[in-house]
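Notes for the structure review
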Amino acid sequence: MNTIKKISVIFIALSLVLSLTACNNKSEQTVKKTSYDNLKIGKGAENGAVAENDRFTLFWDGERACVLLNDKQNGTVWSTIPYDYYKTGDESGKAVSSMGAPLLLEYASSKNTAAIKTVNGYTGVIKNGRVSSKKIKNGIKVYYCFDKLKIVVPVDYTITDDGIKITISPSEIIEYDNLIYKISVAPFMCSAENGAGEDGYLVVPSGSGALIYADTDANGNIKEFSEQVYGTDPTRYESEKPLNLSSVRLPMFGAKDKDKALCGIIEEGAACAEIEAQAGNEKVGRSAVWVTFAVRGSNVSAVSFYGGQTTNVENINNEIGNYKRLTVGYYPLYGDDADYSGMAKIYRNKLNAGDQSGSVEESPLTLNILGGLQIKELMLGLPYQKTVAATTFKGALNIVESVAGVTELKTDVLLSGFGTTGLDVGKVGGGFKFDSVFGSKKDYSSFLNCCNSNNISIYADFDIVNFSSSSLGFSKTFDAAKAANSFTAYQNHYSPALRNADDSYSRYVLLSRAQLSKAADKVINTAKSKKLTGVGFSSLSSTAYSDYDSADYGVRHNMEEDVKAIFKNAAENGLSVLSADANAYAAALSDKVINIPMTSSEYDVLDRDIPLYQLVFKGITDISAPINTANNPQKRFLEAIACGSGMTFVLSADYDSRFATSKHSAFAVSLIDDNLKLISELSAKSKDYYTAVSGAKIEKYTQLSDTLSMTEFDNGVTVWVNRSDSPVEVSGVTVESGGFMFKEGE
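Position labels on residues start from 1 in each chain and follow its written sequence. Totals for whole chains, interfaces and linings use every residue, but because this is a predicted model, local features are given only for residues with pLDDT of at least 70 and side-chain atom pairs only at 80 or more, for both listing and counting. To obtain the side-chain values, all non-hydrogen atoms of the structure were used and water was disregarded.

With that out of the way, let us pick up the overall build of the protein chain. The secondary structure listing takes helices from DSSP runs of H or I that are at least 4 residues long and strands from runs of E that are at least 2 residues long, numbered from the N terminus. Within the protein chain, the regular secondary structure consists of 14 helices and 41 strands. In this description the radius of gyration comes from C-alpha coordinates, and the expected globular size is given by 2.2 Å times residues to the power 0.38. Expected size for 746 residues packed as a compact globule is a radius of gyration near 27 Å; at 27 Å, the protein chain falls within 12% of this value. Taking the principal axes of the C-alpha coordinates as reference, the protein chain spans close to 85 × 70 × 50 Å. The proportion of buried residues among the 746 residues of the protein chain is 57%. We call two residues contacting when some pair of their heavy atoms lies within 4.5 Å. When contacts within the protein chain are restricted to residue pairs at least 6 apart in sequence, long-range pairs at least 24 apart make up 66% of them. Calculation of accessible area relied on Shrake-Rupley with a 1.4 Å probe; when residues are assessed, cover is drawn exclusively from the protein chains displayed. Of the roughly 30,300 Å² of accessible surface on the protein chain, a fraction of 45% belongs to carbon and sulfur atoms. Asp and Glu count as negative and Lys and Arg as positive, but His and the ends of the chain are not part of the count. Every charge is mapped to an atom, namely NZ of Lys, CZ of Arg, CG of Asp or CD of Glu. Of the charged side chains in the protein chain, 74 are positive and 87 negative; the average position of the first set lies 6 Å away from that of the second. Burial here depends on accessible area, computed with a 1.4 Å probe over protein chains only, as a share of the maximum for the residue type. Under 20% is buried, over 50% is exposed, and the range in between is partly exposed.

Given below as structure tokens:
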């Protein structure tokens, strides 16, 4: 009986007796760079157990380059080659090249970095290359040698108390004539068998979150998904703005396969990662979701040809980014926990153990008050930009007093666009002041006193990422972030209808990453001088970008660390932090997150939206959904209620007909007079419910039907939301159409 069959028999019998020997230290070989032909790749670790702890045993099969994780709690085996397929020992057919591939590479010749190619690890390593390995602490290091490309990729597999981690250290990669652009790790580790209906799906964090069922689409086509974690890097050239309603904000994903599931979390290197998925491939028989890391930066250039045609050409950088480690962790779930609620809980617990802990104070109502914007005027026939107020401080005072008169909900206020150019891009941080067009110091003081007397927290939003003009300490020429081609990464405004660059607006730039902390310090000083409760970092919390002026910032390196340092500095200065549509690392350190994603990107391959973002963050930070800017505010209110999210209303005191041509569409629905009745109605409906779920985390979210959901909170509260046009009977109680009903725990 060969080694592979021995391993299979052991696992099928669920035996914990290890009959295969551990690593043979004499055959271990560390790869050292020399002439590729002289690289000495030893036989490596022998097949069998290479690591073990109280819960797991890690096995290695060098003949098939397969890592297997045996969960001793129940005998389930998770492996880089799907275990059901691995047990067959079948290495024929079309499935093996997909499921048998430990890695996928994108690469280019160092002589032509624009000609990007792909290679499958099964073909490049198993068939036409070599594999070596050595035992390391808690696991095994595997060297994947793509001999035809003269590339070696070392990968560490280590067990933890609750799963397995797969790590690539880019500095250990060996290259010669070809340069790696991207590496896809264990593409079939996290997968589900096709055709299991609602018991087989992939979880992708597109926007609020989405499911891709493990099957073809309605037309029998394979479904493919790929989105960059934390959204597209804005330093990359884009001739068109992608039609993407929501970006990926969470570095997590997963797969449910009947009564078991696997949750994946990108634990290091998320900013340079993409989450990819393929569902319904009948030749393979399984649907999978995986992580692809970009180890190098790239830039897209528009190249013109004779006849006026243009095409985009992508060139990769010569140098590998400065990431020390790129790590994805996998965590098994079983039974009732084997679903997307269970996956969210795993990720939430890891956030709680790190960035966020303690009790959360929630304010169910947020008033996002719009200050103003710039409009074009003429003076002596010459055009100029003028800041016009939609809401002065007197107007803001009126808004706060009006709302306080119709609601008992605890309320926060965010001042947006009160800087020198309003909501439009101008100086860094809006000049770090409130423009005089919004009123006098006395007017501001009256507004401040009104908020304080009503126990309302006041935030002001500052954009320290985007700017279009120089100011003291920040030069548009010398302090702008650089693209991968070393030129300034200019940003365009885009036409909402055509999605192409709108030349009627001036281009702007991104602040040099090295200057972010300096700008943040100025924001903190401004907030303290204005006696604000906290600061809003809307753009910083939702934007992850590179700056190739320094190797420290290439491929978005250190973005998470930079933002965390800024947020912690604000907290140490006694200020609360507000984010908007925030990336996970920013949300975890925020006191409040508004404009949380309420839908996925709505690509055709996504079968159903889920509230994954809410499942993660409800109860560890104060989250709030946009209400009056939604196409259907009443429906959006129900979606907010379903997960205990607060309500954000975008408001202004006045409207100027000149705002109609602005790119800021929120002005059309923001007048306080048009929103006061809705605020009153929704507040009255939700007051008791928000009190009941304040500070609670979500234990489980269940979609009982297309229009009925049930959410269970960890304090015993359960809420049912009915989105249909007819009443629904639930637990002996009627939930009215377009309404909700909640029950507190015993």
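Right, let's talk about the packing of aromatic side chains for a bit. Any Phe, Tyr or Trp ring, taking Trp's six-membered ring, that has another such ring centre within 6.5 Å forms a pair; planes under 30 degrees apart are called stacked, those over 60 apart edge-to-face, and the others tilted. Summed over the entire model, instances satisfying the criterion amount to 22 aromatic pairs. Here the aromatic rings of Tyr36 and Tyr176 are separated by 5.5 Å at their centres, their planes lie at 85°, and the arrangement is edge-to-face. Note that Tyr36 is positioned in the loop between helix H1 (3-12) and strand E1 (48-52) and Tyr176 in the loop between strand E10 (164-168) and strand E11 (178-185), a separation of 140 residues in sequence. An aromatic cluster is defined as three or more aromatic residues linked by ring pairs; in this entry it consists of Phe393, Phe418, Phe434, Phe438, Tyr444 and Phe447. Between the NZ or CZ atom of Arg507 and the centre of the ring of Tyr490, over which it lies, the distance is 4.0 Å. Working rule: Lys NZ or Arg CZ, within 6 Å of ring centre, within 35 degrees of ring normal, means a charge sits over the ring. The residue whose ring lies beneath Arg513 is Tyr545, and the NZ or CZ to ring-centre distance is 6.0 Å.

Here we take up empty space enclosed by the protein. A probe as big as a water molecule, rolled over the atoms, marks out the empty space that is left. Points on a 1 Å grid, built from protein atoms alone, make a cavity when a 1.4 Å probe fits but cannot get out and make a pocket when they are open with protein on both sides within 12 Å along at least 5 of 7 lines; residues with an atom within 4 Å of a point are the lining residues. Grid points are joined across faces, edges and corners, and a volume is the space filled by probe spheres set on the points. Under the definition given, this model contains two cavities of 30 Å³ or more. Every residue lining the largest cavity is listed: Glu362, Ser363, Pro364, Lys618, Asp622, Ile623, Gly644, Ser645, Gly646, Tyr690, Val693 and Ser694. Elements with a contribution of two residues or more to the lining of the largest cavity: strand E34 (622-626) and helix H14 (672-693). In this classification, Asp, Glu, Lys and Arg are treated as charged, Ala, Val, Leu, Ile, Met, Phe, Trp, Tyr, Cys and Pro as nonpolar, and every other residue, Gly included, as polar. Looking at the lining of the largest cavity residue by residue, the class counts come to four nonpolar, five polar and three charged. In this structure, the second largest cavity occupies an estimated 30 Å³ of space. Lining the second largest cavity, in full, are Arg64, Ile81, Glu91, Val96, Gly100, Tyr122 and Ile126. Within the lining of the second largest cavity, the residues separate by chemical class into four nonpolar, one polar and two charged.

Now for the sheet that holds strand E3 (residues 66-71). One bridge is not enough; two strands pair if DSSP finds at least two bridges between them. One open sheet holds the four strands; their spatial order is E1-E2-E3-E4, and the pairing between them is antiparallel. Bordering the open sheet on either side are E1 and strand E4 (77-79), each of which pairs with just one other strand. The mean angle between the axes of side-by-side strands here comes to 25°, regardless of whether they run parallel or antiparallel. Judged from the six bridges that link them, strand E2 (residues 56-61) and E3 form a sheet pairing that is antiparallel. Directly across from Trp60, in E3, lies its bridge partner Val67. A fitted line through C-alpha atoms represents every axis, and for helices the fit uses only the stretch in contact; the resulting angles, taken between N-to-C directions, go from 0 to 180 degrees.

The next subject is a negative patch on the surface. Two joining distances apply to patches: 9 Å for like charges and 5 Å for nonpolar side chains (Val, Leu, Ile, Met, Phe, Trp, Tyr), and every residue must have over 30% relative accessible area and no salt bridge. Salt-bridge detection follows one rule: a side-chain nitrogen of Lys or Arg within 4 Å of a carboxyl oxygen of Asp or Glu. A cluster of acidic side chains, namely Glu198, Asp199, Asp259 and Asp706, defines a negative patch on the protein surface. Structurally, Asp199 is set in the loop between strand E12 (191-193) and strand E13 (200-204).

Here we take up helix H7 (residues 441-453). The span one expects for a helix is its residue count, reduced by one, times 1.5 Å. Spanning 13 residues, H7 covers 18 Å between terminal C-alpha atoms, matching the ideal 18 Å at 1.5 Å per step. For H7, the full list of buried residues reads Asp443, Tyr444, Phe447, Leu448, Cys450 and Cys451. Seen along its axis, H7 keeps its buried residues to an arc of 160°; they face one direction. Residues Lys441, Lys442 and Ser453 are exposed on H7 and point more than 90 degrees away from its buried face. In this fold, the buried residues of H7 make contact with helix H6 (393-404), strand E26 (411-416) and strand E27 (457-461). Asn455 sits one or two residues past H7 and shows a positive phi near 55°. By construction, the arc corresponds to the directions joining the helix axis to the C-beta atoms.

The four strands are arranged E36-E37-E38-E41 in an open sheet whose pairing can be described as antiparallel. Here the strands that pair on one side only, and so sit at the sheet edges, are strand E36 (698-703) and strand E41 (739-743). Each neighbouring strand pair of the sheet contributes to a mean axis angle of 15°, computed without reference to strand direction. Across five bridges, strand E38 (residues 718-722) lies against E41 in antiparallel orientation. From the neighbouring strand, Val719 faces E41, where its bridge partner is Phe742. Along the sheet face, helix H13 (residues 633-642) touches E36, strand E37 (708-713), E38 and E41 and points at about 160° away from the line of E38. Docked against the sheet, H14 engages E37, E38 and E41, running at close to 35° with respect to E41.

A few words now on the side chain of Ser133. Summarising the element assignment, Ser133 is placed in strand E7 (residues 130-136). Only 3.3 Å separates the side chain of Ser133 from the side chain of Trp60, close enough to count as a polar contact. Under this definition, polar contacts are N or O atom pairs within 3.5 Å; protein pairs additionally need one hydrogen-donor-capable and one acceptor-capable atom, and for neighbouring residues in sequence, both atoms have to be side-chain atoms.

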